[in-house]
Amino acid sequence: MKEVKIGGTGFTGSEIILGIMRMDSLSVDEAVKVLETAQKLGINFIDSADIYGNGKAEEVFGQALKKSSLTADDFYIQSKGGIYNNPDRGYKTTRYDFSKKHLLESVDGILQRMGVDHLDSFLLHRPDALMDPAEVAAAFDDLQSSGKVRHFGVSNMNPGQVALLQSAVSQKLLINQLQFSVMHTGPVDFDIHTNMTDARSLNHDGGILEYSQLHDMTIQAWSPFQYGQIEGTFINNPDFPDVNAALQKLADKYGVSKNAIGAAWILRHPAKFQVIAGTMNPEHLKDTVAGADVHLTNQEWYDVYLASGNDLP
Ligand SMILES: NC(=O)c1ccc[n+]([C@@H]2O[C@H](COP(=O)([O-])OP(=O)(O)OC[C@H]3O[C@@H](n4cnc5c(N)ncnc54)[C@H](OP(=O)(O)O)[C@@H]3O)[C@@H](O)[C@H]2O)c1
């Protein structure tokens, strides 16, 4: 599989990433199968977060990695922190927390659960309205000098937030994770509808795709096959007949699955995304990875865009 130069550096990773948000529902043996399949398919990048399954996803990952034929060296391992899920309130998210204490504890917990001695990258999961950039900088410096984290990035941040943080931290922010897919087209709607007055012209993300290209940040697309905010998959979902028909037409043409076309649609964007696949089904993972070899034409890309309920001004 092709590799992406992460943040324009020598740190590279496969175009498709395995996200382990749903790994907490697997037995260790099932997780071994997912990891070994991923590695055979050319995936060399894992994405996690300290809150997935309230830590259980990372525990299952750590146990599976140990039991598998693989080692931590087979993957770049990335996780995220900065969201506080309160155990006293049923693990509800009660605040975002970029304090140095929280970030250092988050990384220690991740390393312990995953059974690894460092993270290749650590991302701030969601913007903390009370963020003190200088405190984040101190946390990053500690994490880097202790050897616990090699690279840093963010998630769900707009250009202003990234620029503010970047002005304070000494490490280049290499990655931004954003929801982007055939059924979540906000970042390109705004580009396409610039200077119009309809709903799609609203600049929800602040021009983050252009900002990321200008500043050589790699965007990782999360939930590539979900509609809404992780409400369910649109693939083979009868509520989304038009987009499924458009995906199927191209799947037939290229001899692949609809998942592959959904992934290829994201990878076709010039910002050079990575796609974070969250399936825990080895067959669906294989289907998805095939998308890395499909290069959609401009017209095919727009056909899928239109079929997912969008219009062109
Ligand atoms: N930064 C953030 O804020 C953020 C937020 C959410 C997620 N993430 C990251 O993104 C990763 C991916 O998220 P996600 O899991 O929501 O992504 P996803 O790949 O869009 O969705 C995976 C889900 O879709 C199902 N699915 C996929 N293909 C299918 C098919 N052909 N038929 C039926 N079901 C299908 C999977 O079921 P099966 O397992 O049965 O295939 C699974 O339940 C996460 O693991 C996490 O690493 C980041």
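Residues numbered from 1 in each chain as written. Predicted model: local features only at pLDDT ≥ 70, side-chain atom pairs only at ≥ 80, totals over all residues. Heavy atoms only, no water.

### What to know about the packing of helix H1 (residues 28–40) against helix H2 (residues 56–67)
The relative placement of two packed helices comes down to the angle between their axes together with the axis-to-axis distance.
Phase 1 of the analysis: Relative orientation of the contacting elements H1 and H2 amounts to 70°, with a least axis distance of 8 Å. By the angle between their axes, H1 is roughly perpendicular relative to H2. Every residue of H2 that contacts H1 at Val-28, Asp-29, Ala-31, Val-32 and Leu-35 is listed here: Val-60, Phe-61, Gln-63, Ala-64, Leu-65 and Lys-67.
Phase 2 of the analysis: Partitioning the contact of H1 with H2 into residue classes produces eight nonpolar, one polar and two charged. (Axes fitted to C-alpha atoms, helices over the stretch in contact; angles between N-to-C directions. Helix = DSSP H or I, 4+ residues; strand = E, 2+ residues; numbered from the N terminus. Parallel < 35°, antiparallel > 145°, perpendicular 65-115°, else oblique. Contact = heavy atoms within 4.5 Å. Nonpolar A, V, L, I, M, F, W, Y, C, P; charged D, E, K, R; others polar.)

### A short note on the site of the ligand
Phase 1 of the analysis: Near the ligand, the surroundings consist of 27 residues, among which Arg-22, Asp-47, Phe-225, Thr-279 and His-284 are the closest.
Phase 2 of the analysis: Take Ser-223: an N or O atom from its side chain is 2.7 Å from an oxygen atom of the ligand.
Phase 3 of the analysis: Take Asn-259: an N or O atom from its side chain is 2.9 Å from a nitrogen atom of the ligand.
Phase 4 of the analysis: Assessed atom by atom at 2 Å from the grid points, the ligand resides in the largest pocket.
Phase 5 of the analysis: In terms of residue class, the shell around the ligand is made up of 11 nonpolar, 13 polar and three charged. (Near = heavy atom within 4 Å. Polar contact = N/O pair within 3.5 Å; in protein donor to acceptor, adjacent residues only side chain to side chain. 1 Å grid on protein atoms, 1.4 Å probe; cavity = no way out; pocket = protein on both sides within 12 Å on 5 of 7 lines; lining within 4 Å. Sits in = over half its atoms within 2 Å of the grid points.)

### A short note on a nonpolar patch on the surface
Phase 1 of the analysis: On the surface, a nonpolar cluster with roughly 240 Å² of combined accessible area is contributed by Tyr-302, Leu-306 and Leu-312.
Phase 2 of the analysis: On the accessibility criterion, Leu-312 (41% relative accessible area) is partly exposed. (Patch = residues over 30% accessible without salt bridge, like charges linked within 9 Å, V, L, I, M, F, W, Y side chains within 5 Å. Areas by Shrake-Rupley, 256 points an atom, 1.4 Å probe, with all protein chains shown as cover. Salt bridge = Lys/Arg side-chain N within 4 Å of Asp/Glu carboxyl O. Buried < 20%, exposed > 50% of the residue type's maximum accessible area, 1.4 Å probe, protein only.)

### Description of the environment of Ser-146
Phase 1 of the analysis: Topologically, Ser-146 is positioned in the loop between helix H4 (133–145) and strand E9 (149–155).
Phase 2 of the analysis: Separated by 30 residues in the primary sequence, Ser-146 and Asn-176 place their C-alpha atoms 23 Å from one another.

### A few points about the packing of aromatic side chains
Phase 1 of the analysis: Tallied over the full model, the rule gives 10 aromatic pairs.
Phase 2 of the analysis: Between the aromatic rings of Phe-180 and Phe-273, the centroid separation amounts to 4.9 Å while the plane-to-plane angle is 15°, which identifies the pairing as stacked. Placement of Phe-180 in the loop between strand E10 (173–179) and helix H6 (186–192) and of Phe-273 in the loop between helix H9 (258–267) and strand E14 (274–277) is noted, with a sequence separation of 93 residues between them.
Phase 3 of the analysis: Classification of Phe-180 by relative accessible area gives buried; the value is 1%.
Phase 4 of the analysis: Using a relative accessible area of 1% as the deciding quantity, one classes Phe-273 as buried.
Phase 5 of the analysis: Relative to Trp-301, the ring of Trp-265 lies with its centre 4.6 Å away and its plane at 5°, an arrangement referred to as stacked. Of this pair, Trp-265 sits in helix H9 while Trp-301 sits in helix H11 (residues 298–307), placing them 36 residues apart in sequence. (Phe/Tyr/Trp six-rings, centres within 6.5 Å; stacked < 30°, edge-to-face > 60°.)

Interpretation in functional terms is not warranted from these geometric data alone.
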